[in-house]
Amino acid sequence: MTPRKDLLDIASLTDEEIQFVLDNAVPFKDLFKRSVKKVPTLKGQTVLPLFYEASTRTRSSFEVAATRLSADIIQFDVDSSSVTKGESVLDTVETLEAMKVDYIVVRHKQSGIPNLIARNTRASVINAGDGFHAHPTQALLDAFTIKETVSSVIGRKVVIVGDIKHSRVARSTSLILRRLGMKVAYLAPGSLMPRDVPDEVKVLNTWDELWAWQPEIIYLLRVQMERQREPFFPSVSEYHKVYGMTDDRLARARAEGLYVMHPGPVNRGVELTDNVMTYERSLINQQVENGIAVRMSVLYWLRPGAGVEA
Ligand code: CP
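What counts as what
Residues numbered from 1 in each chain as written. Predicted model: local features only at pLDDT ≥ 70, side-chain atom pairs only at ≥ 80, totals over all residues. Heavy atoms only, no water. Near = heavy atom within 4 Å. Polar contact = N/O pair within 3.5 Å; in protein donor to acceptor, adjacent residues only side chain to side chain. Areas by Shrake-Rupley, 256 points an atom, 1.4 Å probe, with all protein chains shown as cover. Nonpolar A, V, L, I, M, F, W, Y, C, P; charged D, E, K, R; others polar. Domains from an automatic or database assignment. Core = buried A, V, L, I, M, F, W, Y, C linked by side-chain atoms within 4.5 Å. Buried < 20%, exposed > 50% of the residue type's maximum accessible area, 1.4 Å probe, protein only. Helix = DSSP H or I, 4+ residues; strand = E, 2+ residues; numbered from the N terminus. Contact = heavy atoms within 4.5 Å.

*Asks:* What's the story with the site of the ligand in this structure? I'm lost.
*Replies:* Lining the immediate environment of the ligand, one finds Ser 55, Thr 56, Arg 57, Thr 58, Arg 107, His 135, Gln 138, Pro 263 and Gly 264. The contact in question runs from an oxygen atom of the ligand to an N or O atom on the backbone of Thr 56, over 2.8 Å. One of the backbone N or O atoms of Pro 263 is found 2.8 Å from a nitrogen atom in the ligand. Compared with its free state, where it exposes 260 Å², the ligand has 91% of that area covered by protein. For the shell around the ligand, the per-class residue count stands at one nonpolar, six polar and two charged. Looking at which domains feed residues into the shell around the ligand, each of domain 1 (15-134 + 290-301) and domain 2 (136-288) gives three or more.

*Asks:* Teacher, can you tell me more about the nonpolar core here?
*Replies:* Membership of the largest hydrophobic core comes to 86 residues, with the highest contact counts inside it found for Leu 140, Ile 218, Met 245 and Leu 299. The biggest single contributor to this core is helix 10 (residues 284-301), with eight residues. Of the residues that make up this core, three or more belong to each of domain 1 (15-134 + 290-301) and domain 2 (136-288). Among residues more than four places away in sequence, those in contact with Leu 140 are Leu 7, Ile 10, Ile 18, Val 21, Leu 22, Ile 176, Val 294 and Val 298.

*Asks:* What is the right way to look at the side chain of Thr 246 in this model?
*Replies:* For Thr 246, the position within the fold is in the loop between helix 8 (236-243) and helix 9 (247-255). Excluding residues that lie within four positions of it along the chain, Thr 246 makes contacts with His 240, Lys 241 and Thr 273.

*Asks:* Would you take a moment to explain unusual backbone geometry for this structure?
*Replies:* Here the bond from Gly 264 into Pro 265 is cis, since omega is -10°, no more than 30 degrees from zero. Position of Pro 265 among the secondary structure elements: in the loop between strand 9 (259-261) and helix 10. Although it is not a glycine, Ser 70 adopts a positive phi angle of roughly 70°. On the secondary structure map, Ser 70 appears in the loop between helix 2 (57-68) and strand 2 (72-73). At Lys 100, a position not held by glycine, the phi torsion is positive, near 60°. Assignment of secondary structure puts Lys 100 in the loop between helix 3 (89-98) and strand 3 (103-108). A relative accessible area of 64% places Lys 100 in the exposed class.

As structure tokens, then:
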């Protein structure tokens, strides 16, 4: 396989590369059962999380992954950096480039910023979420979690429910699941359904249609209030009643043996009832744990400087 410098989205990955990352996450996850959870793979390498947007799971997961690979992590807090004095993204990156960091993990509210950074550094750039565009490591960990849970993924049905329009997770996860041979449907209010739904994605309008489609996995999304300039539905309680996973819908999911996923953070009482968090077929905590193994696999796979002329 040709070495790759950056991970920017799912669309640019080959099937072989997706399989490589998923396969190599398995031994990394096995490592978590040992008393010593660390390997020397990235000893002497530096990883820099560059988060222009808030994150709990992705940032800490990359930091744990890098630590378990014995890399050094440079802490960079955008809010207390010269970014607050107006320093541009590229000037920040040029400064970091001079420090010879090996991996930059970027989250930014604007789509395309990780690509811009990747073109201007020898370091490997990993997109940790950019605007509405992509969140490739979330997609990889979601795929890994489903593969680990069901024996064969071909033909399995996953319905993604919620704020699809503003969701980079929906775009990336939907794509990787379809690349792996799964069937994907979307359920959202019309105002939160994107205009560019891929032809192969089934559009559902109600939970009755969802049950009739017979999915095996219900993937709930957070309503991203911070990305909405005007209200997209009358009220939170109305949204919960019409589109959320209520206690009644959870009871039906339980009766039918369906799995529930969510990328986090969750909004209790909006897209889901509290009881989803303790549901025996909720894969939410498994997604978080698998995020570390998958991100270890990504860091192991990428080659800083690959394809860049000396
Ligand atoms: N899933 C996800 O991206 O969560 P964070 O925003 O907490 O990183």
